[in-house]
Amino acid sequence: MNAPHPLSTWARNVSPSPTLAIDAKAKAMKAAGEDVCGFAAGEPDFDTPQFIKDAAIAALQAGQTKYAPTPGIEPLRQAVAERYAAEYGYKITPAQVVVSPGGKFSCYLGILAVCSPGDEVIVPAPYWVSYPEMVKLAGATPRFVLCDDRTAFKLTPAMLEGAITARTRMLILCSPSNPTGAVYTRAELAALAEVCVKHNLYVLSDEMYEHLMYDGGTPVNFAMLGAEVEKRTITVAGFSKTFAMTGWRLGTLVAPLPITKAVAELQSQMSSNATTFAQFGALAALKEKAKAAAALAEMKIAFDRRRRFLHAELNKIPGITCLLAGGAFYLFPNISSFGLKDVDFCAQLLEKEKVAAVPGSSFGAEGYLRLSYATSDETLRKGVERLTRFCAGLKK
Ligand SMILES: *Cc1c(COP(=O)(O)O)cnc(C)c1O
């Protein structure tokens, strides 16, 4: 008998998510009784607000346990369309909204809808770990452009121009950014949008952290930067980060109609609708505006306090430099002065001091750490103390 065939090229070429892997290892150490400070998680440490849970429970009790329309329940698509109009003046019909099982899947479907094998997709690094893998799973090729702390982790129009070829089909942008927390200004985005229109590129604008901005910053909706931009923009957002709903698996994609129709068709064969009763929880999050605003404000105050604390403490550590990020819940300190590969830095940090951090190289940028401050003040304080001691040890 022959041995079974090897696994597919898709299975062999995909890299598992390093952030989920490190977070899982830290959680396993914790479960084994070790005193681990986790800075690796990519999710809020808050629980989902009660009014959202109540709405989902009520829907479940009322029998919302069947298949729903593939692109989402009608009132939720309507509410998403209304919120884009209210927040950004982006006027769309509910038909331009697709609700998916997670913003991650929304991103993948957006890429699949417009990218074919042989196409190139520009992915600025540091990037969210899933973008390159999703591009490859669509048969397309990611083209990385390294944007380090010298450009505040942001792509410039010149860097974008330099990476475009005849085969470039899409640019992926994420502002506020996971993993750096960087936020593009409206002018910076407008300058990038101009290049995208000139070269006829689609833009996947990942606006998952739009509501987590600090220092009075207000989010920019990329599609609203111009009529030609709108025709080329696929906006992904969701509930995971804004309302601490990571486990609910709900994301939204908004785009011109031909794209959302394609996305809905792809989804109809790949997953069908997002969990029906969960969508009623999301509907409450959009409809009960006063409660939603209060829940969000509470989280933001805590994140902002931790952000300032962590930023100040990191910059006190000899050998570390860290920019103050304006959004999301991550800082991305530069640790290259220690002369250690970031992967080794993180492995030793976890081993010696039981602090879990993700190496920058996981995000395409060697020499950095991603630290999530979506963790308790107590963990932050303890973790920083340990990191300081660890770095002092390296300096000797
Ligand atoms: C968390 C996250 C997502 C998707 O989140 P879901 O949990 O799948 O809704 C998408 N993009 C970025 C940058 C994220 O950090």
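Described in the following lines is the structure provided in the data block. Please read all numbers here as calculations on a predicted model, not as lab measurements. (Residues numbered from 1 in each chain as written. Predicted model: local features only at pLDDT ≥ 70, side-chain atom pairs only at ≥ 80, totals over all residues. Heavy atoms only, no water.)

### A short note on the overall build of the chain
Our working rule: Here a helix means four or more residues in a row that DSSP labels H or I, a strand means two or more in a row labelled E, and each is numbered from the N terminus. Here the globule rule is a power law, 2.2 Å times the number of residues to the power 0.38, and the radius of gyration is based on C-alpha atoms. Any residue under 20% of the maximum accessible area for its type is buried, any over 50% is exposed, and the rest in between are partly exposed; the area is computed with a 1.4 Å probe on protein chains only. Residues counted as positive are Lys and Arg, residues counted as negative are Asp and Glu, and His and the chain ends are not counted. Here the site of a charge means NZ on Lys, CZ on Arg, CG on Asp, or CD on Glu.
Helix and strand counts for the chain stand at 14 helices and 12 strands. Against the 2.2 N^0.38 benchmark of 21 Å for 396 residues, the chain shows a C-alpha radius of gyration of 21 Å, consistent with a compact globule. Expressed as lengths along the three principal axes of its C-alpha atoms, the size of the chain is roughly 65 × 60 × 50 Å. Counting all 396 residues of the chain, 54% fall into the buried class. For the chain, the separation between the mean place of its 42 positive charges and that of its 37 negative charges on side chains is 1 Å.

### Some details on the site of the ligand
Here is the rule: For this purpose, a residue is taken to be near a molecule or strand whenever a single non-hydrogen atom of the residue falls within 4 Å of it. Polar contacts here mean pairs of N or O atoms no more than 3.5 Å apart (in protein, one a potential hydrogen donor and the other a potential acceptor; neighbouring residues in sequence count only if both atoms are side-chain atoms). Per-residue and other accessible areas follow the Shrake-Rupley method at a 1.4 Å probe size, with only the shown protein chains counted as cover for residues.
In the neighbourhood of the ligand, 14 residues make up the surrounding shell, with Gly 103, Asp 206, Tyr 209, Lys 241 and Arg 249 lying closest. Between Lys 104 and the ligand, the recorded distance is 2.8 Å, taken from a backbone N or O atom to an oxygen atom. At 2.9 Å, a side-chain N or O of Lys 241 approaches an oxygen atom of the ligand. The protein chains hide 94% of the 380 Å² of surface that the ligand would expose on its own.

### Looking at the nonpolar core
Where we set the bar: Residues belong to one nonpolar core when they are buried, are Ala, Val, Leu, Ile, Met, Phe, Trp, Tyr or Cys, and are joined through side-chain atoms within 4.5 Å. These domain limits were set by an automatic method or by a database of domain assignments. We call two residues in contact when some of their heavy atoms are within 4.5 Å.
Counting residues in hydrophobic clusters, the biggest one holds 65 residues, and the most contacted among them are Ile 111, Met 170, Ile 172, Leu 310, Leu 314 and Phe 345. Residue contributions to this core peak at six residues, all from helix H5 (residues 103–114). Per-domain counts for this core show at least three residues from each of domain 1 (9–48 + 292–395) and domain 2 (66–287). When residues no more than four places from it in sequence are discounted, the contact partners of Leu 310 are Phe 39, Leu 331, Leu 371, Tyr 373, Leu 380 and Val 384. In this structure, Phe 51, Ala 68, Ile 73 and Phe 280 belong to the second largest nonpolar core, which totals 33 residues.

### As for helix H11 (residues 276–287)
Put simply, the test is: In this analysis, the expected span of each helix is defined as 1.5 Å times one less than the number of residues it contains.
Under the 1.5 Å per step criterion, the end-to-end length of H11 is 17 Å for 12 residues, consistent within 8% with the ideal 16 Å. For H11, the buried fraction is high: 10 of the 12 residues fall into the buried class. Elements in contact with the buried residues of H11: helix H3 (50–61), helix H4 (74–88), strand S2 (97–100) and helix H12 (289–316).

### A look at the state of the cysteines
Note the threshold: A pair of cysteine sulfur atoms is labelled a disulfide when the two atoms are within 2.5 Å.
One pass over the full model with this rule turns up zero disulfides. Cys 115 provides the cysteine sulfur closest to Cys 196, a residue in no disulfide bond, and the two sulfurs are 13 Å apart. Using a relative accessible area of 2% as the deciding quantity, one classes Cys 196 as buried. Considering cysteine sulfurs only, Cys 346 is the nearest to Cys 391, which forms no disulfide, with 11 Å between them.

### Some details on the sheet that holds strand S4 (residues 141–146)
The test is simple: Two strands form a pair only when DSSP identifies at least two bridges running between them. Every axis in this analysis is a line fitted to C-alpha atoms, fitted for helices over the stretch in contact. Angles between the N-to-C directions lie between 0 and 180 degrees.
Read from one edge to the other, the open sheet built from seven strands follows the order S2-S8-S7-S6-S5-S3-S4, with strand pairing classed as mixed. Two strands in the sheet have a free side with no partner beyond their single neighbour: S2 and S4. The mean angle between the axes of side-by-side strands here comes to 20°, regardless of whether they run parallel or antiparallel. Bridge count for strand S7 (residues 233–238) against strand S8 (residues 251–254) is four bridges, and the pairing is antiparallel. Residue Thr 235 lies in a different strand from S8, and its bridge partner there is Val 254.

### Comments concerning the packing of aromatic side chains
To keep things clear, this is the line we draw: Stacked, tilted and edge-to-face are the three classes applied to pairs of Phe, Tyr and Trp rings, where Trp contributes its six-membered ring and a pair requires centres within 6.5 Å; stacked means planes under 30 degrees apart, edge-to-face means over 60, and tilted covers the rest. Only when the NZ of Lys or the CZ of Arg is both within 6 Å of the ring centre and within 35 degrees of the ring normal is a charge said to sit over the ring.
Counted by the stated rule, this structure contains 17 aromatic pairs. Between Phe 46 and Phe 303, the aromatic rings sit 5.6 Å apart at their centres with planes inclined by 85°, giving edge-to-face as the arrangement. Here Phe 303 lies in helix H12 and Phe 46 lies in the loop between strand S1 (37–38) and H3, a separation of 257 residues in the sequence. Assessed through its relative accessible area of 24%, Phe 46 is described here as partly exposed. Centroid distance Phe 105 to Tyr 108: 6.5 Å. Interplanar angle 45°. Geometry classified as tilted. Taken together, the residues Phe 105 and Tyr 108, both in helix H5 and three residues apart, mark about one turn of the helix. With respect to burial, Phe 105 and Tyr 108 carry one shared label: buried. These aromatic residues form a ring-pair network of at least three members: Phe 46, Tyr 209, Phe 303, Phe 329, Tyr 330 and Tyr 373. Here the basic side chain of Arg 83 rests over the ring of Tyr 84, its NZ or CZ set 4.2 Å away from the ring centre. Lys 154 extends its terminal NZ or CZ atom over the ring of Tyr 184, reaching a point 5.9 Å from the ring centre.

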